[in-house]
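Residue-level structure breakdown
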Amino acid sequence: NFPEPNPVRPEVSKGESEPVEGLRQAQPGPSIPQGERILQDESHTDIATLDWSALRSAVSRCRACALCESRTQTVFGVGHEGARLMIVGEAPGENEDLQGEPFVGQSGKLLDNMLRAIGLARDAAKPEQAVFICNTVKCRPPRNRNPDPAETARCAPYLDRQIELVQPKLLLAILVLLVGRLVVGR
């Protein structure tokens, strides 16, 4: 599914830092700019085999793109691990980064109210009343910008595995496009 990490240590040119011990450089995919360093934990190169605990741990240690440099914490996801409905947002915002949970603040309250109106909740104990909520990327992009294609591609194995583990009956993607302020009728 995904490129295997390159077991050969790259040459380190002058002014470039040595790769972190215990990590290998992964071969960049086509959407990753040439020369970008992508580090992957050697013990978790096959994300598709991870259970919930190992997946959560791998996400918390992820250094696959530059988003890890400015995050407060990763935003793994919340809800019932066997929920029938899975909601996937685009990226954590500032509040999500601070709290470590997707869809908090005003957007979270709105989502929780909409779910409650149809008999669902992120904290429900029964799978038929539960949801699992996560994002395409697990770290907040700076200034709440949209994640770029390379960042989304680097997080895709984590999202793919979350979907495989939850096995939802329905998958709802929520993408918010920030296009500025639209004033109607003025």
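Scope of this entry: the structure provided in the associated data block. (Residues numbered from 1 in each chain as written. Predicted model: local features only at pLDDT ≥ 70, side-chain atom pairs only at ≥ 80, totals over all residues. Heavy atoms only, no water.)

Thoughts on the packing of helix α1 (residues 52–61) against helix α4 (residues 149–166)
Applied cut-off: Structural elements are reduced to axes, namely lines fitted to C-alpha atoms, with helices fitted over the stretch in contact, and the angle between N-to-C directions of any two is expressed from 0 to 180 degrees. The numbering of helices and of strands both runs from the N terminus, where a helix is a DSSP run of H or I of at least 4 residues and a strand a run of E of at least 2. Every angle not falling under 35 degrees, over 145, or within 65 to 115 is termed oblique; those three ranges are roughly parallel, roughly antiparallel and roughly perpendicular. Take the far helix as the reference: if the near one is turned anticlockwise from it by less than a right angle, the crossing is left-handed, and if turned clockwise, right-handed. Any two residues having at least one pair of non-hydrogen atoms within 4.5 Å are treated as being in contact. Charged residues are taken to be Asp, Glu, Lys and Arg, nonpolar residues to be Ala, Val, Leu, Ile, Met, Phe, Trp, Tyr, Cys and Pro, and polar residues to be all remaining types, Gly included.
At a minimum axis separation of 11 Å, α1 and α4 run at an interaxial angle of 160 degrees. When the interaxial angle is binned, α1 and α4 end up roughly antiparallel. Where α1 crosses over α4, the handedness of that crossing is left-handed. Counting all contacts with α1, which are made through W52, L55, A58 and V59, the residues of α4 involved are Y158, R161, Q162, L165 and V166. Tallied by class, the residues present in the contact of α1 with α4 amount to 7 nonpolar, 1 polar and 1 charged.

Considerations on the pairing of strand β5 (residues 131–135)
Put simply, the rule reads: Relative accessibility under 20% of the residue-type maximum defines a buried residue, over 50% an exposed one, and the middle range a partly exposed one, all with a 1.4 Å probe and only protein chains included. Note on pairing: DSSP must find at least two bridges between two strands before they are called paired.
The element β5 is largely enclosed, with a buried count of 5 among its 5 residues. Here β5 shows no split at all, with V131, I133 and N135 on one side and F132 and C134 on the other all buried. Pairing analysis gives 2 bridges linking strand β3 (residues 78–79) to β5, with the strands arranged antiparallel. Within the sheet, the bridge partner assigned to V78 lies in β5 and is I133. In terms of strand pairing, strand β4 (residues 85–89) meets β5 through 5 bridges, oriented parallel.

Some remarks on empty space enclosed by the protein
Definition in use: Both cavities and pockets are sets of points on a 1 Å grid over the protein atoms alone; in a cavity a 1.4 Å probe fits but cannot get out, in a pocket the set is open with protein on both sides within 12 Å along at least five of seven lines, and lining residues sit with an atom within 4 Å of a point. Grid points are joined across faces, edges and corners, and a volume is the space filled by probe spheres set on the points.
Summed over the entire model, instances satisfying the criterion amount to 1 cavity of 30 Å³ or more. Approximately 90 Å³ is the volume attributed to the largest cavity. If you go around the largest cavity, you meet 15 residues; those closest to its centre are C62, C65, L67, C139 and C155. Considering every element that reaches the lining of the largest cavity, the biggest residue donor is α4, with 4 residues. The class makeup of the residues in the lining of the largest cavity is 10 nonpolar, no polar and 5 charged.

Observations concerning the packing of aromatic side chains
Two descriptors summarise a pair of aromatic rings, namely the distance from one centre to the other and the angle between the planes of the rings. Defined as follows: Aromatic rings from Phe, Tyr and Trp, with only the six-membered ring used for Trp, were paired whenever their centres fell within 6.5 Å, and each pair was classed as stacked if the ring planes differed by under 30 degrees, edge-to-face if by over 60, and tilted otherwise.
For the coordinates displayed, the defined rule picks out 2 aromatic pairs. Where W52 meets F76, the ring centres are 5.9 Å apart and the plane angle is 80 degrees; that geometry is what we call edge-to-face. Of this pair, W52 sits in helix α1 while F76 sits in the loop between α1 and β3, placing them 24 residues apart in sequence. Using a relative accessible area of 15% as the deciding quantity, one classes W52 as buried. In this structure F76 comes out as buried when scored by relative accessible area, which is 5%.

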